[in-house]
Amino acid sequence: MRARAAVSAALASAGILLAGWQAGVRVEDTGSGAVGTLSGTDGTAGSRTTGSGTTGSAAKAAGTYAGAVVQTRFGAVQVQITVKAGAITDVTALQLTDAERKSIQISNRAAPLLRAEVLKAQSSKVQTISGATVTSAAYLTSLQAALDAANL
Amino acid sequence: MNSPALKTRTFGCMGTVISLTVPAGTGPGTVGPDGGLAAAAAAVERVFAGLDGTFSLYRRDSEASRLARGSMSLRAASAQMRGRYADAVGWRLLTDGAFSPERPDGVLDLSGLIKGYAIEQAGDALLALGVGDWCLNAGGDVLVNGSPRPSTGAPWQAGIVDPQDRDTLIGGCPLGGPGTKRALATSGSAERGDHIWGARSWSARSRTGPAGAEFRQVSVAAPDIITADVLATAIVAGGTPMLDRATDGWEIEVLAVRGSGELLATPGFRA
């Protein structure tokens, strides 16, 4: 359940970010008087599906706007925002990535754990030792040197 | 289960010690009882010595030293030098600058990449010799192939040093065998601080240098040794943001030790 909640939170955050980014583009559009086309980072033009009004910036801003399809590592993402009186009133996901794959990715993040919870290894049962770069001098007293000496 | 019978040869290069370990047997894929191990070790040593001669800054006559002195430009450098430089720049992009081919003083230094590259090339040389079961360890960075028990498919078992007590292990990691992880690399902020000059970009953001690095030690298990080595270095340099970026972007397992001794691990390192 925690993973699901994390997925929902992450997707919601992504949606808000995308919407915020698009809102930023919209403001620029309003400033230049050109309304209706949003462009995405992948170069695909977004589209304004509805909307009305040509009098005043507040009226101009009304409508629903579909953002460009943005390719992420988890797949394609596309959101739509609804704007009324110059304010975003709704954000809808038109395309979301495969939720299952996303949750796998999130669960692969490193999380705190106790020493007793780490996959254990006994010196007598390992065949090699990984450690921060040891110099030739440090090697002489290392566990790896002991292993190597046993196999000479 | 008894420990498998193994044979090891070691030699010094790149300021550290390289160990080649193989099953002591006569089965297919092993080096046999005769000079096979000597020949395999010689092949590995040739790879390391060749790269050391080109890329080491402590050799005044190396190509790397001539580049560092400015007596040669990168455009005039060998295809091998330019190739590794391109690799390193690619990794800098992928790690958002946490891994860098340049020292803080601007000198090109590919040593953060070359050891992993040498291990990979040495592994290829062993496979070309027909040696199928082996474990290569270069200064604590490990690449394996096959199994310590020929024909069983059993993985090699690697231990990870506890940075607070170098005579004990903090954890373990199976490599090779049925798994896809063949490589394990560990980087630390306590040893060879000069190695983690990627810390430059981190220190600019956090105002802590390598001495105040967030992670004391980071181990990365990956399908290949260059990815494992570069990402372990990058995570030490880049802290938690780089750790999350690495686990999101690559098929790796990570065991990280904070300065306080607290551990962070991906699921693969959980018992």
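Residues numbered from 1 in each chain as written. Chains lettered and ligands numbered in written order. Predicted model: local features only at pLDDT ≥ 70, side-chain atom pairs only at ≥ 80, totals over all residues. Heavy atoms only, no water.

### Concerning the sheet that holds strand S7 (residues 128-130) of chain A
Right, on to step 1. With mixed pairing, the 3 strands of this open sheet are ordered in space as S7(A)-S5(B)-S6(B). The open sheet has two edge strands, S7 of chain A together with strand S6 (165-175) of chain B, and neither has a second partner. Looking at each pair of strands side by side, their axes are set apart by 35° on average, direction ignored.
Right, on to step 2. Two strands pair when backbone bridges link them, and S7(A) and strand S5 (residues 156-162) of chain B are joined in this way by 3 bridges, in the parallel orientation. Bridging from a neighbouring strand, Ser130(A) pairs with Ile160(B) of S5(B).
Right, on to step 3. Packed onto the sheet, helix H5 (residues 143-150) of chain A meets S7 of chain A together with S6 of chain B and runs at close to 165° relative to S7(A). (Pairing = 2+ DSSP bridges. Helix = DSSP H or I, 4+ residues; strand = E, 2+ residues; numbered from the N terminus. Axes fitted to C-alpha atoms, helices over the stretch in contact; angles between N-to-C directions. Contact = heavy atoms within 4.5 Å.)

### Section: the pairing of strand S2 (residues 16-23) of chain B
Residues and elements named next belong to chain B.
Right, on to step 1. Most of S2 sits out of view: 8 of its 8 residues are buried.
Right, on to step 2. On S2, burial covers both faces: Thr16, Ile18, Leu20 and Val22 on one face and Val17, Ser19, Thr21 and Pro23 on the other are all buried.
Right, on to step 3. In this sheet, S2 lies alongside strand S1 (residues 6-13) in antiparallel orientation, the contact comprising 8 bridges. Of the residues in S2, the one forming a bridge with Cys13 is Thr16.
Right, on to step 4. Adjacent in sequence and paired antiparallel, S1 and S2 are bridged by 2 residues, among which Met14 carries a positive phi angle near 55°.
Right, on to step 5. Note: S2 against strand S3 (residues 134-138), 4 bridges, orientation antiparallel. By the bridge assignment, Leu20 is partnered in S3 with Leu136. (Buried < 20%, exposed > 50% of the residue type's maximum accessible area, 1.4 Å probe, protein only.)

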